[in-house]
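For reference, the chains in residue letters:
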Amino acid sequence: MWSDEEDQSSEPVEATWEEHSQFYRSFSRFMSVSEHDRREMVRVFFIEQDVPVLERSDIDFVPTNMLSGFFLQTHKAEVKMPSGQVDKPVIDDNHDGTVSIRYDPKEEGIHELAVKYNGEHVQGSPFKFHVDSISSGYVTAYGPGLVHGVTGEPAQFIISTKGAGAGGLQMAVEGPSKADITYHDNKDGTVSVSYLPTAPGEYKISVRFGDKHIKGSPYFAKITGEGRKRNQISVGSCSEVTLPGVISDNDLRSLNASIQAPSGLEEPCFLKRMPTGNIGISFTPREIGEHTVSVKRLGKHIANSPFKVNVCEREVGDAKKVLVTGNALKEGKTHQDNVFSIDTRNAGYGGLSLSIEGPSKAEIQCTDKDDGTLNIAYKPTEPGYYIVNLKFADHHVTGSPFTVKVSGEGTNRQREKIQRQREAVPITEVGSQCKLTFKMPGITSFDLSATVTSPGGVSEDAEIQEIEDGLYAVHFIPKELGVHTVSVKYKQIHIPGSPFQFTVGPLKDTGAHLVKAGGPGLEHGEQGVPSEFNVWTREAGGGTLAISVEGPSKAEIEFKDRKDGSCDVSYVVSEPGDYRIGLKFNDRHIPDSPFKVYVSPAMGEAHKLEVAQFPTGCVQADKPAQFMVRKNGAKGELDAKVVAPSNNEDDCFIQLIDQDQYSVRFYPRENGIHAIHVKFNGVHIPGSPYRIKVGKDDVDPAAVHASGKGLGDVKTGEKTDLIIDTCNAGAGTLAVTVDGPAKVAMDCTEVEEGYKVRYTPLLPGHYYMTIKYNQMHIVGSPFKINCTGESLAEAGGQETSSVIVETVAKVSKGGNRTGVILPIFKSDASKIQSKGMGLKKAYMGKQNQFTINAGDAGNNILFVGIYGPKGPCDEVFIKHTGRNQYTVNYLVRERGDYILLVKWGDDHIPGSPFKVEV
């Protein structure tokens, strides 16, 4: 900065921020920012123009056109030392999309390293590490494996025993999974240690020397499941027993059965009709001895129930007797079948479950030879370490989990990821204006509708407003606390993500299972064109949202926060093919993630095609329907298929009407929402896939509700249940899936209000129950269930149990509740005071009066009624004088004794009903 008074001989004085800001303050609107993964520092340029005249008289230098530059730091790291002070490490750009962090410690003890990218912690940050003096004479340990790692990849560290004298060295790794430990003596006073974690979570690494922990031990390493894919299969092997009594197929719907072992463990078991017509049960024997089988109808034992069943030793499943052979459990190759064999002939009865987790989702094929032996083939597409969990009768077979090193060429799939912090939204109160936003470009708001159902079951229409082009908001005012259901439909079909859960008042639960995502970008995409979808995190509370796109080309991901617990995400890819969209919240996949998306080649000539005479409203099942497709001069081949709600696919019949027009005919065979895919030269035409309702599809997932002890806290080994209320939801497909530390025995039977689901967990931990109705989540699904108690099975990878039922239409006795619902009042009628002659004596033809003081009684509605010898009195007038003070006047025209009732809400006030003499 220069001025006339400045002494040129004096030393330069650094300009103050206030002086700088005179130049920079007005130009921020001209600034543009460009950020790249591969650079630590990004240079940002802007041109200063139209500089206003400065008011400061001591500055006579005014730029007319100046190019300014400054830096934005996208990568940031800091170290918190044991003393609490914060130090800065050195960040080196490797110019390959990665950075290296170097730090010269100044103190001994536990340090904490925070690494941020664009202001957000990277996965696993902050990291903890221990610093010790090399010349201390103590045994020390150092290396990344003491701080962080990735499942299925060796985590390594080094132990230095230089100058420590003689003593025994002991190591242990505890965590969510078994971790095989290997070590190598380097013959220089150091030992290289490697352990292989097979599940994400926090691992405790203990290093002892001479039966004492070394300095810093135990260490805690954060192991992430980044980029890991999992596939699993289950093969049943159950014991079948025929019981006395004849049963029909219709009876099976209303009967349920459970079996109790000698130890008291009770599990649901499956009922079936044997060829003889007798009742049959199917179960997995776990213990030797007499078991008790209870068969009930609507909670009551049927004739001859309970039954006694004896289980001998050879029938009980024994995982130790399962033989597994094949080199494919040690090493494998990409892009080819890797085969191993399983022999269960001498192992008794038990279900076999297999899961494979690694850098790619390996395709699994099972060949059952029907003699107690099976061949398993898996085909991975990426090299690396894979974890194979193999369990029989809920216990690991010998050697499981297996660590398999897969070699070979990969698919060169590229992955891009962003992370954003999501803040918890403020608590919504009763009577406040609520808003739920969603983006659906290319539609008209006239075809949108929304309803809000309160916790009390009352449904009301909600207002939908278009905030900007393609962005809509549902507005409503809640009248009670609790979980509301918001249904948003386009042309009478739920939009992706609907029905939504919307909590008024404090959130009862938080977590990834309450995040929802939906939109065209999670269903299909087009090369070079942005694909968009919505993510709703409002119900999940605060946390970190991670979005990844993996496929043949690197994606450009954009994120826009709507500041109301929802956001827009769009991505663009340069190559067509199959992509996986991963959405994680606090390092856990949200429901239905990862999403498989096929990105088609650039539309090209396909954009010229248009559809005409598409059926409106409902079409009938088992009857053909058709529509027209105009080519408008495009050259190429047209193909079409229809996908039913059951995911069955059928080709459409295409006929060329003239040179420029096709007729497309399809033949739906089931009721429900169908998707019609119309492609031209292998590329979706505009608007494809088209959704159409077939039959009188009155199925509404928003009307289905789940309740019961089975959705709360449960205990291992105890049978628990829940009710799924399908009244007024129509007939559809009910699918219940439980994901957790172990498989659960589960069944589903029909009851008056819907369906009862029973299950017995065997391992403690968190279970997630997904309930879908016609392939759509009901409100609250998936439900998080906390299980405590002793372990009754061996832990392994996550396992899935499921049951599917074709439901029948049910109607509640009360029918649908509609109309206005009263607020939930908090009041105490016993605190009301009343006084006045009108409470005891009244005069004919005159205004009789008394007063009510409800100032300390909370909020409610005052009801006053007077009934005489010949009916109600002629006139009652209530006036609110403020602060819950009321004056009541009434007029009577007949002599006799009257009854005066005064209620505060549903409760009588003290003294009511009063006897009044006229």
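Only a predicted model underlies this, so the values are computations on that prediction, with no experimental measurement involved.

**A closer look at the overall build of the chain**
Across its full length, the chain holds 1 helix and 82 strands. Across the 918 residues in the chain, those meeting the buried criterion constitute 45%. Considering only residue pairs separated by 6 or more positions, the chain has 67% of its internal contacts joining residues 24 or more positions apart. If you sum the accessible surface of the chain, you get close to 47200 Å²; carbon and sulfur atoms cover 49% of it.

**With respect to the sheet that holds strand E40 (residues 463–468)**
In a beta sheet, neighbouring strands are held together by backbone hydrogen bonds and run either parallel or antiparallel to one another. The antiparallel open sheet is built from 3 strands, whose spatial order is E37-E41-E40. Looking along the sheet, the strands with just one partner apiece sit at the ends: strand E37 (434–439) and E40. On average, each strand axis in the sheet is tilted by 30 degrees relative to the strand beside it, whichever way the strands run. Relative to strand E41 (residues 471–476), E40 runs antiparallel, the two sharing 5 bridges. Considered in E41, the bridge of Ile 464 is made with Val 474.

**Considerations on a nonpolar patch on the surface**
Together, Phe 825, Ile 861 and Phe 863 give the surface a local cluster of nonpolar side chains, amounting to about 240 Å² of exposed area. In this structure, Ile 861 sits in the loop between strand E75 (848–853) and strand E76 (862–868).

**Points about the sheet that holds strand E59 (residues 653–658)**
Strand order in the open sheet made by the 4 strands is E54-E56-E60-E59, with antiparallel pairing throughout. Each of the sheet's edge strands pairs with one partner strand only, and the pair in question is strand E54 (610–612) and E59. Put simply, the sheet's adjacent strands are angled 30 degrees from each other on average, direction ignored. Bridge count between E59 and strand E60 (residues 661–666): 5 bridges; the pairing is antiparallel. Note on E60: the bridge partner recorded for Asp 658 is Gln 661.

**Section: the pattern of salt bridges**
Oppositely charged side chains can form a pair if their charged atoms are brought close together. Evaluation of the coordinates by the stated rule reveals 23 salt bridges. The shortest N-O distance in the salt bridge between Asp 561 and Arg 422 comes to 2.9 Å. Note that Asp 561 is positioned in strand E49 (residues 556–561) and Arg 422 in strand E36 (residues 414–422), a separation of 139 residues in sequence. Judged by its relative accessible area of 28%, Asp 561 is partly exposed.

**So, the nonpolar core**
Formed by 32 residues in total, the largest nonpolar core has its most connected members in Val 736, Met 769 and Ile 771. For this core, the elements supplying multiple residues, two or more each, are strand E66 (720–725), strand E67 (733–740), strand E68 (745–751), strand E69 (754–760), strand E70 (765–773), strand E72 (783–788) and strand E73 (799–806). A total of 4 residues in this core trace back to one element, the largest contributor, which is E70. Contacts of Met 769, omitting those with residues within four sequence positions, involve Leu 711, Leu 722, Val 736, Thr 737, Val 738, Tyr 759, Ser 781, Pro 782, Phe 783 and Ile 785. The next biggest cluster of nonpolar side chains, apart from the first, holds 26 residues, and it includes Ile 418, Ala 512, Ala 540 and Val 573.

**Considerations on the environment of Pro 872**
Among the structural elements, Pro 872 can be located in strand E77 (residues 871–872). Residues Pro 872 and Val 892, 20 residues apart in the sequence, show an inter-C-alpha distance of 8.9 Å. Residues in contact with Pro 872, not counting those within four places in the same chain, are Ile 866 and Tyr 867.

**Thoughts on the environment of Phe 585**
Within the secondary structure, Phe 585 sits in strand E51 (residues 577–585). For Phe 585, a relative accessible area of 1% gives the class buried. For the pair formed by Phe 585 and His 513, sequence separation is 72 residues and the distance between their alpha carbons is 8.6 Å. The residues touching Phe 585, leaving out its near neighbours within four places in the chain, are Arg 422, Gly 511, Ala 512, Val 515, Thr 537, Ala 540, Gly 541, Gly 542, Gly 543, Thr 544, Leu 545 and Ile 590.

**Here's the deal with a negative patch on the surface**
On the surface, Glu 637, Asp 639, Asp 650 and Asp 651 cluster together into a negatively charged patch. With respect to the element layout, Asp 650 can be found in strand E58 (residues 649–651). A relative accessible area of 32% places Asp 650 in the partly exposed class.

**Brief notes about the pairing of strand E22 (residues 266–273)**
Where strand E21 (residues 255–260) and E22 come together, 4 bridges link them in antiparallel fashion. Within E22, the position partnered with Ile 259 by the bridge is Glu 267. Between E21 and E22, which pair antiparallel in sequence order, lie 5 residues; one of them, Gly 264, sits at a positive phi of approximately 105 degrees.

**Observations regarding the side chain of Gln 661**
Mapped onto the fold, Gln 661 is located in strand E60. Excluding its chain neighbours within four sequence positions, the residues that come into contact with Gln 661 are Met 628, Val 629, Arg 630, Gln 655 and Leu 656.

Calculation notes
- Residues numbered from 1 in each chain as written.
- Predicted model: local features only at pLDDT ≥ 70, side-chain atom pairs only at ≥ 80, totals over all residues.
- Heavy atoms only, no water.
- Helix = DSSP H or I, 4+ residues; strand = E, 2+ residues; numbered from the N terminus.
- Buried < 20%, exposed > 50% of the residue type's maximum accessible area, 1.4 Å probe, protein only.
- Contact = heavy atoms within 4.5 Å.
- Areas by Shrake-Rupley, 256 points an atom, 1.4 Å probe, with all protein chains shown as cover.
- Pairing = 2+ DSSP bridges.
- Axes fitted to C-alpha atoms, helices over the stretch in contact; angles between N-to-C directions.
- Patch = residues over 30% accessible without salt bridge, like charges linked within 9 Å, V, L, I, M, F, W, Y side chains within 5 Å.
- Salt bridge = Lys/Arg side-chain N within 4 Å of Asp/Glu carboxyl O.
- Core = buried A, V, L, I, M, F, W, Y, C linked by side-chain atoms within 4.5 Å.
- Lys, Arg positive; Asp, Glu negative; His and termini not counted.
- Charge placed at Lys NZ, Arg CZ, Asp CG, Glu CD.

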